[in-house]
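The primary structure of each chain is shown beneath.
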Amino acid sequence: EAYLWELKEMGPDGLIIADPAVFQLAKDICPEIERHISTQANNTNYGTYRFWWELGAKRVVSARELSLEEIREIRERIPQKMEIESFIHGAMCISYSGRCLLSNYFTGRDANQGASPPPCRWKYAVMEETRPGEYMPVYENERGTFIFNSKDLCMIGHIPEMIDAGIDSFKIEGRMKTALYVATVARTYRIAIDDYLKEPELYKANMPWYLDQISNCTYRQFTTGFYFGKPGEKSQIYDNNTYVKEYTYLGIVEEEKDGMYCIQQRNKFSVGESIEIMKPDGRNEKVTVKRIVNEEGAEQESAPHPKQVLYVELEGGAAEKYDILRREET
């Protein structure tokens, strides 16, 4: 209750809730804030949507296990003012609708509060008892033993189908991700959606650019999840759990002062390096780091300490507040 009173003062646009008791508390304490139902509430049919609508929910996040056909049927059978939100990009949880208990069981860290290690990316070996008390590992098969390791969801090429199914809001999974990842993916989908609504042919023509931008942030490999039917074995990655990483996040521009840009540094970079300014409108400007100065005014040749507040001078382009600085990895 105390937390909901705090949120009432902050005034967020909406609350994503899975627990019915918390839902009722929110309705009593801050009825002016929209209540959205989390995917963890197992929202798999139109009866569930109607149930939450009658209790006062504005939006329901569909379970990841639903196909576009099933979402289309839900849309046809619920009030038009009720909103459907569905995942469009990000990690696919191997557990049912994100209700993972493996993390808590193995490590004591709660996956559903954003603290997962996560166990679905671990390498597993089944142990077979050959004699009493003696075990040997039995590997799944020649593909490897990353048996829970799903590819990432990517629906950038299927925005028309998502809109046609009647989805009101596209959900980008960003838990435990960097600001660079969230900014890159959200920017790309925003531009792609706007292009499609403006002119479908423009959306098709710009597809190579969308795919290139999506590949600029960390990712595994991509799948369309359950949207076009039940995923097969090709939607899993059995031989490794590593990310593909093409860019490193350096920091977000907080302000400009006397030609120097203030950032809170996130990864190491040095004077003379070629980096990029990533802008919200889709532009990426290549610049060179000319100077690095710390808060005390001392010059630095490099920025090795995470979260150090620095002022950087860039040559070859101009940055603005909230632009992201990143470096391409070769």
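Check the entry above for the structure.
Here goes a summary of the coordinates provided. (Residues numbered from 1 in each chain as written. Predicted model: local features only at pLDDT ≥ 70, side-chain atom pairs only at ≥ 80, totals over all residues. Heavy atoms only, no water.)

1. Here we look at the packing of aromatic side chains
For the structure shown, the criterion picks out seven aromatic pairs. Taken together, a centroid distance of 5.6 Å and an interplanar angle of 40° make the contact between phenylalanine 106 and tryptophan 122 tilted. With phenylalanine 106 in helix α5 (residues 102-107) and tryptophan 122 in the loop between α5 and β5 (126-131), this pair connects stretches of sequence that are 16 residues apart. Given a relative accessible area of 41%, phenylalanine 106 falls into the partly exposed group. Judged by its relative accessible area of 31%, tryptophan 122 falls in the partly exposed class. One aromatic cluster in this structure is built from Tyr196, Tyr203, Trp209 and Tyr210. (Phe/Tyr/Trp six-rings, centres within 6.5 Å; stacked < 30°, edge-to-face > 60°. Helix = DSSP H or I, 4+ residues; strand = E, 2+ residues; numbered from the N terminus. Buried < 20%, exposed > 50% of the residue type's maximum accessible area, 1.4 Å probe, protein only.)

2. Regarding helix α7 (residues 179-198)
Compared with an ideal rise of 1.5 Å per residue, which puts 20 residues at 28 Å, α7 spans 28 Å between its outermost C-alpha atoms and is within 8% of the ideal. All buried positions along α7 are accounted for by Leu180, Tyr181, Thr184, Val185, Arg187, Thr188, Tyr189, Ile191, Ala192, Ile193 and Asp195. (Expected span 1.5 Å × (residues − 1).)

3. A closer look at the environment of methionine 278
By the element assignment, methionine 278 lies in strand β12 (residues 274-278). Note on methionine 278: relative accessible area 4%, which makes it buried. Spatially, the C-alpha atom of methionine 278 lies 39 Å from that of proline 31, the residues being 247 residues apart in sequence. Leave out the neighbours within four places in its chain, and methionine 278 touches Leu180, Ala183, Thr184, Arg187, Arg283, Asn284, Asp323, Ile324 and Arg326. (Contact = heavy atoms within 4.5 Å.)

4. Focus: the nonpolar core
Of all hydrophobic cores here, the largest spans 47 residues; its most connected members are Leu15, Ile156, Ile159, Met162, Ile167, Tyr189 and Tyr227. For this core, the element with the most residues is α7, which contributes six residues. Those residues in contact with isoleucine 156 that sit more than four places away from it in its chain are Thr188, Tyr189, Ala192, Tyr203, Met207, Tyr210 and Leu211. Listed in part, the 16 residues of the second largest apolar core include Leu250, Ile263, Phe269 and Leu325. (Core = buried A, V, L, I, M, F, W, Y, C linked by side-chain atoms within 4.5 Å.)

5. Details of the environment of lysine 290
Structurally, lysine 290 can be placed in strand β13 (residues 284-294). For lysine 290, a relative accessible area of 44% corresponds to the partly exposed category. Remark: the alpha-carbon pair of lysine 290 and glutamate 315, spanning 25 residues in sequence, is separated by 6.2 Å.

6. Looking at unusual backbone geometry
Unusually for a residue other than glycine, lysine 307 sits at a positive phi of about 70°. Within the secondary structure, lysine 307 sits in the loop between β14 (299-300) and β15 (309-315). Judged by relative accessible area, which is 55%, lysine 307 ranks as exposed. Residue tyrosine 322 is not a glycine yet carries a positive backbone phi of 80°. Of note, tyrosine 322 is situated in the loop between β15 and β16 (324-328).

7. Brief notes about the pairing of β15
With five of seven residues buried, β15 lies mostly within the body of the structure. As paired elements, strand β11 (residues 260-264) and β15 share four bridges and run antiparallel to each other. Among the inter-strand pairings, glutamine 264 is bridged to a residue of β15, identified as valine 309. When β13 meets β15, the two strands line up antiparallel, connected through six bridges. Counterpart to threonine 288 in the pairing with β15 is glutamate 315. (Pairing = 2+ DSSP bridges.)

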